[in-house]
Amino acid sequence: MQKKQDSLYVSTLARGLQILRAFDESHVSLSLTDLVARTGLEKSSVQRMAHTLHLEGMLERDPKTRRFRPSHAWLELAYTYYWSDPLIARALPKLIEFSQAKGETINLAQISGDHIIYSLRLPNQRTHFAASIVGRRLPALNTAAGRVMLSTRSESDIAAACAEWPVVQATRKTLMNRDDIARSILKAREDGFCITRDQMLLNEISVAAPIRGTEGQADAAVQISLSGITYDEQLALEKFLPTLLDTTAGILG
């Protein structure tokens, strides 16, 4: 059903959420003009929404520059989410065990529309800041975790995703050909895991395995991030794949 035909749809609330979604890792502080440009809403509407969100504690406003940024209330929402998702509680001990045993960066990824979102991240000493923050969203087709989750779905779902979902040229080696991406997903279905290199970062190898639900479909995956300078793909699989598969098998999706 289209939103405008839904009698329960509250357009005012939706516009407020548009304001909040205007902020991301590349836009952490926004002026009123920035918010208008980012949302496409009328300036008067943006002004009222941003002012209300500030008064309600969702946005901070710099008294000198008048620029807005997310408030600590966002952390409170994240805290509530962690308690509400039973997968987090089941996965965290397994991921800690995996991280301690192998000393590498371990992530829990979940499907979020046509993206993945990292909901748990256990970095190692070499992990840069952006790769250690939970909540980061990446196009599912660009990632090993996204592809391996898609591999548990029907061929028609895979075909539709490969035709319609976004891809982003993150590095000069990012796979952009949609037919090649589809073949990578189908190979992951056969193998039970997906391995990628240089897709989101140069010299990064990612290996991911699905956390299957009771029906066999995966909406989450465990992913290990490795240095492509230290490892090649064969060595990465030999050293880490058995533990990765044991870890995901021990987490019921």
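Heads up: these notes are all about the structure in this document. Source: prediction; values computed, not measured.

## Describing the overall build of the protein chain
In step 1: What the protein chain contains, in helices and strands, is nine helices and eight strands.
In step 2: Relative to a compact globule of 253 residues, whose C-alpha radius of gyration would be 18 Å, the protein chain shows 20 Å and is just as compact.
In step 3: For the protein chain, the spread of C-alpha atoms along the three principal axes comes to 60 × 40 × 40 Å.
In step 4: Counting all 253 residues of the protein chain, 43% fall into the buried class.
In step 5: In the protein chain, 55% of the contacts between residues at least 6 apart in sequence involve partners at least 24 apart.

## Quick notes on the packing of aromatic side chains
In step 1: Summed over all chains, the structure comprises four aromatic pairs.
In step 2: With a centroid separation of 6.0 Å and 65° between ring planes, the pair formed by Tyr81 and Tyr82 is classed as edge-to-face.
In step 3: The exposure class of Tyr82 is partly exposed, given its relative accessible area of 24%.
In step 4: One Lys or Arg, Arg121, reaches over the ring of Tyr118 and ends 4.0 Å from the middle of that ring.

## Considering the pairing of strand S3 (residues 105-112)
In step 1: Counting buried positions along S3 gives seven out of eight residues, so the element sits mostly inside the fold.
In step 2: Two strands pair when backbone bridges link them, and S3 and strand S4 (residues 115-122) are joined in this way by seven bridges, in the antiparallel orientation. In the sheet register, Ile111 faces S4, and the bridge partner there is Ile116.
In step 3: Linking two consecutive strands that pair antiparallel, namely S3 and S4, is a turn of two residues; a positive phi of about 65° is found at Gly113 within it.

## Brief notes about the sheet that holds S4
In step 1: If you walk across this open sheet you meet the six strands as S5-S4-S3-S8-S7-S6, and the pairing is antiparallel. The two strands at the open ends of the sheet, each matched to only one other strand, are strand S5 (137-139) and strand S6 (194-197). Taking the axes of each pair of neighbouring strands and ignoring which way they run, one obtains an average angle of 30° across the sheet.
In step 2: Here S3 pairs with strand S8 (residues 218-227) via six bridges, running antiparallel. Of the residues in S8, the one forming a bridge with Thr105 is Ser225.

## Side note on the environment of Glu97
In step 1: Along the polypeptide, Glu97 turns up in helix H5 (residues 86-102).
In step 2: Put simply, Glu97 and Thr247 are 150 residues apart on the chain and 8.7 Å apart in space, counted from C-alpha to C-alpha.

## Quick notes on the pattern of salt bridges
In step 1: If you walk through the whole model with that rule in mind, you get ten salt bridges.
In step 2: Residue Arg189 pairs with Glu155 through a salt bridge whose shortest N-O separation is 3.5 Å. Here Arg189, found in helix H8 (residues 178-191), pairs with Glu155, found in helix H7 (residues 155-164); they are 34 residues apart in sequence, far enough to count as distant.
In step 3: Taking the relative accessible area as the measure of exposure, Arg189 reaches 32% and is therefore partly exposed.
In step 4: In this structure, Asp180 engages Arg183 in a salt bridge whose closest nitrogen and oxygen atoms are separated by 2.4 Å. One end of the pair, Asp180, and the other, Arg183, are both in helix H8, three residues apart, so they sit about a helical turn from each other.
In step 5: Each member of the salt-bridge network shares a partner with another, and the members are Lys173, Arg197, Asp198 and Glu233.

## Details of the environment of Thr243
In step 1: Counting through the fold element by element, Thr243 comes out in helix H9 (residues 233-249).
In step 2: Using a relative accessible area of 22% as the deciding quantity, one classes Thr243 as partly exposed.
In step 3: Linking Thr243 and Ala101, residues 142 residues apart in sequence, is a C-alpha distance of 9.0 Å.
In step 4: Beyond its immediate chain neighbours, meaning those up to four positions away, Thr243 contacts Phe98 and Lys102.

## What to know about helix H1 (residues 11-21)
In step 1: Those residues of H1 lying buried are Ala14, Gly16, Ile19 and Leu20.
In step 2: Buried residues along H1 sit in contact with helix H2 (32-39), helix H3 (43-55), strand S1 (59-61) and helix H4 (73-84).

Conventions and cut-offs
- Position numbers for residues start from 1 in each chain and track the written sequence from start to end.
- Residue-level local features of this predicted model are given only where pLDDT is at least 70; pairs of side-chain atoms are given and counted only at 80 or more, and the full residue set underlies all totals for whole chains, interfaces and linings.
- Think of the side-chain values as coming from all heavy atoms in the structure, minus any hydrogens and water.
- Numbering goes from the N terminus for both helices and strands, where a helix is a DSSP run of H or I of at least four residues and a strand is a run of E of at least two.
- Here the globule rule is a power law, 2.2 Å times the number of residues to the power 0.38, and the radius of gyration is based on C-alpha atoms.
- Each residue gets one of three labels from its accessible area relative to the maximum for its type: buried under 20%, exposed over 50%, partly exposed in between, using a 1.4 Å probe on protein chains only.
- The criterion used for residue contact is that any of the two residues' heavy atoms lie within 4.5 Å.
- Working definition: rings of Phe, Tyr and Trp (its six-membered ring) pair if their centres are within 6.5 Å, and the pair is stacked with planes under 30 degrees apart, edge-to-face with planes over 60 apart, and tilted otherwise.
- The criterion is that NZ of a Lys, or CZ of an Arg, lies within 6 Å of the ring centre and within 35 degrees of the ring normal, and then a charge sits over that ring.
- Strand pairing is defined by DSSP finding a minimum of two bridges between the two strands.
- To obtain an axis, a line is fitted to C-alpha atoms, over the contacting stretch when the element is a helix, and the angle between two such axes runs from 0 to 180 degrees between their N-to-C directions.
- By salt bridge we mean one thing: a side-chain nitrogen of Lys or Arg within 4 Å of a carboxyl oxygen of Asp or Glu.

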